Every structure is written in structure tokens, then in C-alpha cells.
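Descriptive structure summary
Each chain, letter by letter, is given below.
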Amino acid sequence: MASSPVPSRTTSLGQTQRRDAWWLELLPVAVLFGGFGIYATLRAFEGKFYEWGPYLSPFYSPLLSFSWWKFSPAVLILGAPLGFRTTCYYYRKAYYRAFFLDPPACAVGEPSIRKNYRGETSFPFILQNVHRYFLYLAVLFILVLAYDVWKALWFPDGFGIGIGTIVLAINVVLLGGYTFGCHSLRHLAGGLLDQFSKAPACYRAYTCVSCFNRRHMLWAWLSLFWVGFTDLYVRLCAMGVWHDWRLL
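Each chain carries its own residue numbering, running from 1 in the written order of its sequence. Given that the model is predicted, a residue must reach a pLDDT of at least 70 before its local features are reported, and side-chain atom pairs must reach 80 or more before they are shown or counted; all residues, however, enter totals for whole chains, interfaces and linings. Hydrogen atoms and water are omitted, and side-chain values are computed over all heavy atoms in the structure.

1. As for the confidence of the model for the protein
If pLDDT is low for a region, its predicted coordinates should not be looked at in detail. Condition: Within a predicted model, pLDDT stands for the predictor's per-residue confidence, ranging from 0 to 100. Only DSSP runs of H or I reaching four residues or more are called helices, and only runs of E reaching two or more are called strands; each is numbered from the N terminus. Here, residues are in contact when the closest pair of their heavy atoms is within 4.5 Å.
Averaged over all residues, the pLDDT of the protein is 84; the fraction at 70 or higher stands at 87%. Mean pLDDT values for the elements of the protein range from 78 in helix α2 (residues 74-77) up to 97 in helix α6 (residues 163-179). Contacts of residues 6-10 to residues separated by more than four positions or lying in other chains number 7 contacts, the stretch itself having pLDDT below 50.

Structure (C-alpha cells):
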């Protein structure tokens, strides 16, 4: 059966025999991830409109205050969750393609100027290997944000549930799904074992993490959108633009 030859590699940027709109996959990554980075940076240096009633923006949690620190407290906080995302295995694939065109897509030509690229074995990309340590910090942040949900149940007049309480609670659920589906966490839960039959507890933990990991990309984008929306909700309430409704 005759077939047309397919080159094993491409030699120029964008060269491909693909006929689909492969570049459409890059646009949402560039817009959403890039836009979130800009928004988070601006909010980190704004230093106001991060509290309203019992609500605290996740960008400013835990709320820190040091006499020697003259900048916004969010500058000290956002490094850990942003570091966890930027070193994430999924996000690395996504933004390498969207921002570095490395490669733009499967079977699509890469920039020809990267002749000395050595993967993630040299600076600065070797810093991606600290992802596991950012995971430890991310788990701590889940506990802190869960405590913020508890505090969001207590208004000046007593127990209550507002729209903001639900917004903060959903944020913890989505961030938890993303964090506990981390590839590094799955490796820690069971990847070091040769035989699961000898460690049933580790096998159950590995299976649990795998359930989240199967939808890791979905958890990643939902949690990214919602943590930004949560901060925006608290900000607009603090500015008096939005009114928080008490449901209970």
C-alpha cells in the first residue's frame, strides 16, 4: 500500500503536515495563564481591598504583618502557590508550548535558534525540580484556606453563610482537587514501591491520588479561574461595588 513519506522532524517554526488548527490550543493558555500572572502580580502589590467582613482574599492568606516589611503582605505569600503552578508538570507542558513554542504542538516545527537547549538539566529550567517542595507548601496553604472558610462562617452578629462563604469554600475544593492530584504526590504515595500488595495503605493512597490526577488539567484550570474570582469577589465587596448576600 503506497503512502506519502512523513518527515521524522521539522526544521522551521510552524512547519507541519497537520491540517487541523493546532494553534488554537495555544491561545487559551497564553491568555488565561498569562492574564492570571499579570492580575496576581498587580494584586500582590496593591495591598488593599483584601478583607471584607469575615472574608479574606486567598491572595493575602495567611494575613501577615511585619514591622520591617514595607510592601504588600501578598508579596510574601503568592510565591509559594505561584511556584507550585509554574513548576507543575502539566503547566510546564502548556506554557512551554504557548510562550516558548517548545514545541508549538505535536509534529510542528520548533524555533531553530534553540541549538544549545539541554532540557531541564541547566539553569534556569533545572529549578523546575523543586516542584515537590512547592507541593509541601501548597498542602499547608490548603489547610490555611480551609480555616479561612471556617472564619467566613462567623459574622459580627454570629454564625451565618453568605455568598462569599460559598465562594471561599468552592475555592478550597478546587484547589484541593488540583493539589491532591499532583504527579509528585502520587509518586510519594506509591511510586517508591515495587509491589503494592505489600503496602495496601500506600496502594489506596496511590489510587485516591490517581482519581484526581486523571482530571489534573481540568482541576488546574478550574482552580486557577476560581482563585482569581475569589480574590475579585472579596475585592469588589471591600470596594463597595458588590453586595454580599446573607443566605443564612
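2. A word on the packing of aromatic side chains
The condition that has to hold: Only the six-membered ring of Trp is used, alongside the rings of Phe and Tyr, when aromatic pairs are assigned; centres must lie within 6.5 Å, and planes under 30 degrees apart are stacked while those over 60 apart are edge-to-face, with the rest tilted. A simple rule labels every residue: compare its accessible area, found with a 1.4 Å probe on the protein chains alone, to the largest value its type can have, and call it buried under 20%, exposed over 50%, or partly exposed in between. When the NZ atom of lysine or the CZ atom of arginine is within 6 Å of a ring's centre and also within 35 degrees of its normal, the charge is said to sit over that ring.
Applying the stated criterion across every chain, the model contains 25 aromatic pairs. A centroid spacing of 5.7 Å and a plane angle of 40° characterise the contact between Tyr-96 and Phe-100, whose relative ring orientation is tilted. Residue Tyr-96 is classed as buried on the basis of its relative accessible area of 8%. When its relative accessible area of 39% is taken as the criterion, Phe-100 is described as partly exposed. Judged by centre distance (6.3 Å) and plane angle (50°), the rings of Phe-229 and Tyr-233 are tilted. Of this pair, Phe-229 and Tyr-233 are both found in helix α9 (residues 216-239), 4 residues apart, which corresponds to roughly one turn of the helix. Classification of Tyr-233 as buried rests on a relative accessible area of 5%. Of note, Arg-246 hangs over the ring of Phe-155, and the distance from its end group to the ring centre comes to 4.0 Å.

3. Looking at the layout of surface pockets
For clarity, the threshold we go by: Both cavities and pockets are sets of points on a 1 Å grid over the protein atoms alone; in a cavity a 1.4 Å probe fits but cannot get out, in a pocket the set is open with protein on both sides within 12 Å along at least five of seven lines, and lining residues sit with an atom within 4 Å of a point. Grid points are joined across faces, edges and corners, and a volume is the space filled by probe spheres set on the points. When residues are grouped by polarity, Ala, Val, Leu, Ile, Met, Phe, Trp, Tyr, Cys and Pro land in nonpolar, Asp, Glu, Lys and Arg in charged, and all others, Gly among them, in polar.
There is about 220 Å³ of room inside the second largest pocket. Taken together, Leu-32, Gly-35, Phe-36, Tyr-39, Trp-221, Leu-224, Phe-225, Gly-228, Phe-229 and Leu-232 make up the full set of residues lining the second largest pocket. Of all elements in the fold, only α1 (26-46) and α9 reach the threshold of two or more residues within the lining of the second largest pocket. By residue number, the principal contributor to the lining of the second largest pocket is α9, which donates 6 residues. Taken together, the residues that form the lining of the second largest pocket break down as 8 nonpolar, 2 polar and no charged.

4. Section: α9
For the record, the criterion: Expected helix span is given by 1.5 Å per residue-to-residue step, counting one fewer step than there are residues.
The terminal C-alpha atoms of α9 lie 34 Å apart, and with 24 residues this matches the ideal 34 Å at 1.5 Å per residue to within 8%. In the stretch just after α9, Gly-240 is the one whose phi turns positive, near 85°.

5. Describing the packing of α1 against α9
Keep this limit in mind: Here an axis means a line fitted to C-alpha atoms, over the contact stretch when the element is a helix, while the angle between two N-to-C directions is reported on a 0 to 180 degree scale. In a left-handed crossing the near helix is turned counterclockwise from the far helix by less than a right angle, and in a right-handed crossing that turn is clockwise.
Contact geometry for α1 and α9: axes closest at 11 Å, N-to-C directions at 35°. Of the two elements, α1 crosses α9, and the hand of that crossing is left-handed. On α9, the residues that touch Val-29, Leu-32, Phe-33, Phe-36, Tyr-39, Arg-43 and Glu-46 of α1 are Trp-221, Leu-224, Val-227, Gly-228, Asp-231, Leu-232 and Arg-235. Its residues assigned to classes, the contact of α1 with α9 comprises 9 nonpolar, 1 polar and 4 charged.

6. With respect to the pattern of salt bridges
Filter applied, for reference: Each reported salt bridge corresponds to a side-chain nitrogen of Lys or Arg within 4 Å of a carboxyl oxygen of Asp or Glu.
Under the definition given, this model contains 5 salt bridges. In this structure, Glu-46 engages Arg-43 in a salt bridge whose closest nitrogen and oxygen atoms are separated by 2.5 Å. In this pair, Glu-46 and Arg-43 both sit in helix α1, 3 residues apart, roughly one turn of the helix. Residue Asp-148 is joined to Lys-151 by a salt bridge in which the shortest nitrogen-to-oxygen separation is 3.6 Å.

7. Quick look at the environment of Leu-135
Inspection of the secondary structure assignment puts Leu-135 in helix α5 (residues 131-151). Classification of Leu-135 by relative accessible area gives buried; the value is 1%. Along the backbone, Leu-135 and Gly-83 are 52 residues apart, and their C-alpha atoms lie at a distance of 9.2 Å. Residues in contact with Leu-135, not counting those within four places in the same chain, are Phe-84, Thr-179, Cys-182, Ser-184, Leu-185 and Leu-188.

8. Remarks on the environment of Val-172
Position of Val-172 among the secondary structure elements: in helix α6. For the pair Val-172 and Val-149, spaced 23 residues apart in the sequence, the C-alpha separation amounts to 8.2 Å. The contacts of Val-172, once residues within four sequence positions are left out, are Ile-142, Leu-145, Ala-146 and Val-149.

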